[in-house]
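Structure at a glance
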Amino acid sequence: PKLAPGNDVWLTIDVDLQRLAEEQLAAMIASRNPSVSCDRITKCNASEGAVVVMDPRDGSVLALASQPGYDPAELVNGISTDLWRSLTDDARGKPMFNRALAGTFAPGSTFKLVTAHAGLTTGFITRDFVYNDGGVYRLEGCTSGKCEFTNAGRQKNYATNLTKALTVSSDTYFYRIGDQLWRGRATYGDQPIQDSAFAFGFGSRTGIALASEAKGRIGTPKWLAAAYAETQAQGRKVFDRGEWRVGDSINVSVGQGLVDVTPLQLVNAYATFANGGTRWVPHIVSLVSRPKDMAKPAVDLENVEVIREYRPEEAGKVTFADPADYLAVYQGLQGVTARGNGTAEAAFSAHPPAWAVAGRCTWCPRRSG
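Report on the accompanying structure. Counting starts from 1 at the beginning of each chain's written sequence and moves along it residue by residue. The predicted nature of this model means local features are confined to residues of pLDDT at least 70 and side-chain atom pairs, given and counted, to a pLDDT of 80 or more, with totals for whole chains, interfaces and linings taken over all residues. Side-chain measures were taken over the full set of non-hydrogen atoms in the model, leaving aside hydrogen atoms and water.

1. Remarks on the packing of helix α5 (residues 171–183) against helix α9 (residues 246–253)
Axis lines are fitted through C-alpha atoms, for helices just across the contact stretch, and the angle between N-to-C directions can take any value from 0 to 180 degrees. A run of H or I in DSSP counts as a helix once it spans at least four residues, and a run of E counts as a strand once it spans at least two, with each numbered from the N terminus. Where α5 contacts α9, the two axes come as close as 8 Å, and the packing angle between them is 140°. Judged by the angle between their axes, α5 and α9 are oblique. Helix-helix and strand crossings are classified by hand; for α5 and α9 the assignment is right-handed. Across from F174, Y175, G178, D179 and W182 in α5, the residues of α9 making contact are V246, S249, I250 and S253. Here is the rule for angles: anything less than 35 degrees is roughly parallel, anything more than 145 is roughly antiparallel, 65 through 115 is roughly perpendicular, and the remaining ranges are oblique. Definitions for this section: a left-handed crossing has its near helix turned counterclockwise from the far helix by less than a right angle. A right-handed crossing has that turn clockwise. When checking whether two residues touch, look at their non-hydrogen atoms; a contact exists if any pair is within 4.5 Å.

This is the structure we're talking about:
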């Protein structure tokens with residue numbers, strides 16, 4: 001058959017940023033190998049990872065990396081059965097599995113953005129509310145089971161408002177929100193934290209035009225009851241109960257328990273916050289074109305015929321009732337990297353950026369002393 005030239009696809013990927021993301025991700029994983037070092041800081045347990053870089057102004061993906069990886073050139077003209085097995089082998093980390101959009105993980109303390117939003121929008125907390133963080137949160141009236149939930153290392157943060165709670169990653173501050181929102185469900189509803197999570201895009205696919213994207217999971221009381229009933233009917237013991245309990249809400253408040261998200265979802269959620277509340281559908285293609293004249297260079301912009309141009313697509317909105325509430329959360333996230341008690345301050349002070357950075361980490365080594 002007669003072959004016709006294909007169209008050209010223009011990606012949003014920044015080639016230099018993509019290369020840097022892949023190199024740094026591989027280097028970080030290698031540095032966590034037990035044969036290199038093994039202590040409480042490096043943890044010695046990293047064998048896989050993902051990087052997503054997104055422009056919060058329009059949802060364009062600038063870098064997307066997953067490790068362990070593979071050389072796409074290996075797939076040209078078909079592959080052998082042995083190579084396919086090696087690329088999908090669990091023992092090798094399933095190199096073809098794209099963790100950036102198909103891997104699901106507990107978000108941990110990065111989820112505190114969601115819990116903060118839920119606390120503010122329900123009116124349960126105000127940005128100025130001060131909680132005395134003694135390092136331990138005790139459930140009222142608890143007489144059996146787990147009654148205490150603690151900060152890492154039982155760290156005491158003392159008088160803590162919302163901004164400080166985000167900066168120092170006060171678990172007990174957010175445990176209290178999860179606990180009290182559940183106890184007050186007659187007022188706040190059964191799932192206020194989950195509703196904020198849905199608004200930020202968790203629990204559903206982002207809509208990026210790539211295959212195998214995972215939905216993640218945001219557990220709710222209704223979801224747990226249905227999942228328990230379904231697995232019981234199938235003879236599978238996945239859950240020990242179908243009734244939602246206060247401990248479930250406490251775990252969810254800090255991104256643990258029945259919460260799983262993809263790296264792409266997490267980046268998109270923070271991009272949504274960063275741009276003031278517009279959640280975009282992430283996109284990796286900017287346009288499709290073909291040369292007007294095949295004898296001329298395809299990269300000559302005067303020789304380009306645009307077949308399709310991809311415009312930013314809005315997926316939803318996240319709002320704060322008061323702009324001052326948004327500012328309080330932003331200042332808390334900026335404190336993570338810039339203040340002496342910020343959980344990531346040590347890393348950023350070692351390599352100072354040229355601009356202010358706001359963020360949140362699941363686990364960060366604190367500066368000693």
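Here the narrative resumes.
2. Section: the state of the cysteines
By convention in this document, the label disulfide applies to cysteine sulfur atom pairs within 2.5 Å. Scanning the model with the defined rule gives one disulfide in all. C142 shares a disulfide with C147; S-S distance 2.0 Å. Between C142 and C147 the sulfur-sulfur dihedral comes to about -70°; the bridge is accordingly left-handed.

3. Observations regarding the side chain of H283
Here H283 shows up in the loop between β10 (278–280) and β11 (285–291). H283 sits in the buried class, given a relative accessible area of 14%. Once you skip the residues sitting within four places of it in the chain, H283 turns out to touch T12, D58, G59, S60 and V61. Exposure categories follow from relative accessible area, calculated using a 1.4 Å probe and restricted to protein chains: below 20% of the type maximum is buried, above 50% is exposed, and the middle band is partly exposed.

4. Details of the nonpolar core
For the purposes of this section, nonpolar cores are sets of buried Ala, Val, Leu, Ile, Met, Phe, Trp, Tyr and Cys residues that join through side-chain atoms within 4.5 Å. Counting 43 residues, the largest nonpolar core has F111, L162, Y173, F174, F200, F202 and V329 as the members making the most contacts within it. The set of elements that each furnish at least two residues to this core consists of α3 (112–122), α4 (162–168), α5, α7 (192–199), α8 (221–233), α9, α10 (263–274) and α11 (323–338). It is α5 that contributes the most residues to this core, six residues altogether. With residues near it in sequence (within four places) discarded, F174 still touches K112, T115, A116, L162, A165, L166, S253 and V254. With 13 residues, the next largest nonpolar core counts V52, M54, L64 and L101 among its residues.

5. Structural notes on a nonpolar patch on the surface
A cluster of nonpolar residues, Y70, L75, I79 and W84, forms a patch on the protein surface that exposes about 340 Å² of accessible area. Mapped onto the elements, W84 comes out in helix α2 (residues 81–87). Residue classification places W84 among the partly exposed positions, given a relative accessible area of 44%. A patch consists of residues exposed above 30% relative accessible area that lack any salt bridge, with like charges linked at up to 9 Å and nonpolar side chains (Val, Leu, Ile, Met, Phe, Trp, Tyr) linked at up to 5 Å. Each accessible area is a Shrake-Rupley estimate made with a 1.4 Å probe; only the visible protein chains count as cover when residues are assessed. A pair is scored as a salt bridge if a Lys or Arg side-chain nitrogen falls within 4 Å of a carboxyl oxygen belonging to Asp or Glu.

6. Digging into the side chain of K112
Relative to the helices and strands, K112 is located in helix α3. Once you skip the residues sitting within four places of it in the chain, K112 turns out to touch L166, S169, S170, D171, F174, S253 and V254.

7. Brief notes about the packing of α10 against α11
At a minimum axis separation of 11 Å, α10 and α11 run at an interaxial angle of 125°. Considered as vectors, α10 and α11 are oriented oblique to each other. Counting all contacts with α10, which are made through Y270, F273 and A274, the residues of α11 involved are Y326, V329, Y330 and L333. Tallied by class, the residues present in the contact of α10 with α11 amount to seven nonpolar, no polar and no charged. Gly falls in the polar group here, along with every residue not listed as nonpolar (Ala, Val, Leu, Ile, Met, Phe, Trp, Tyr, Cys, Pro) or charged (Asp, Glu, Lys, Arg).

8. Quick look at the pattern of salt bridges
Under the definition given, this model contains 13 salt bridges. E48 is paired through a salt bridge with R99; the nearest N and O atoms lie 3.4 Å apart. Highlighted residues: E48 in the loop between α1 (15–31) and β2 (49–55) and R99 in the loop between α2 and α3, separated in sequence by 51 residues. For R99, a relative accessible area of 4% puts it in the buried group. R241 serves as the salt-bridge partner of D248, at 2.9 Å between the closest nitrogen and oxygen. Ionic contacts of the salt-bridge type, sharing partners, join the residues R127, D322 and D325 into one network.

9. Brief notes about the packing of aromatic side chains
The pairing test for Phe, Tyr and Trp rings, Trp by its six-membered ring, is centres within 6.5 Å, and the orientation test on the planes gives stacked under 30 degrees, edge-to-face over 60, and tilted for anything in between. In the structure shown here, the tally under the stated rule is ten aromatic pairs. Ring plane angle 50° and centroid distance 5.8 Å describe the contact between F111 and F202, whose orientation is recorded as tilted. In this pair, F111 is assigned in the loop between α2 and α3 and F202 in the loop between α7 and β8 (217–218), connecting sequence segments 91 residues apart. F202 carries the same exposure label as F111, and that label is buried. Seen in terms of ring centroids, F320 and Y326 are 5.7 Å apart; in terms of plane orientation they differ by 80°. Their pairing is edge-to-face. Grouped by ring-pair contacts, the aromatic residues F129, Y131, Y173 and F174 constitute a single cluster.

On their own, these measurements won't tell you what the molecule is for.
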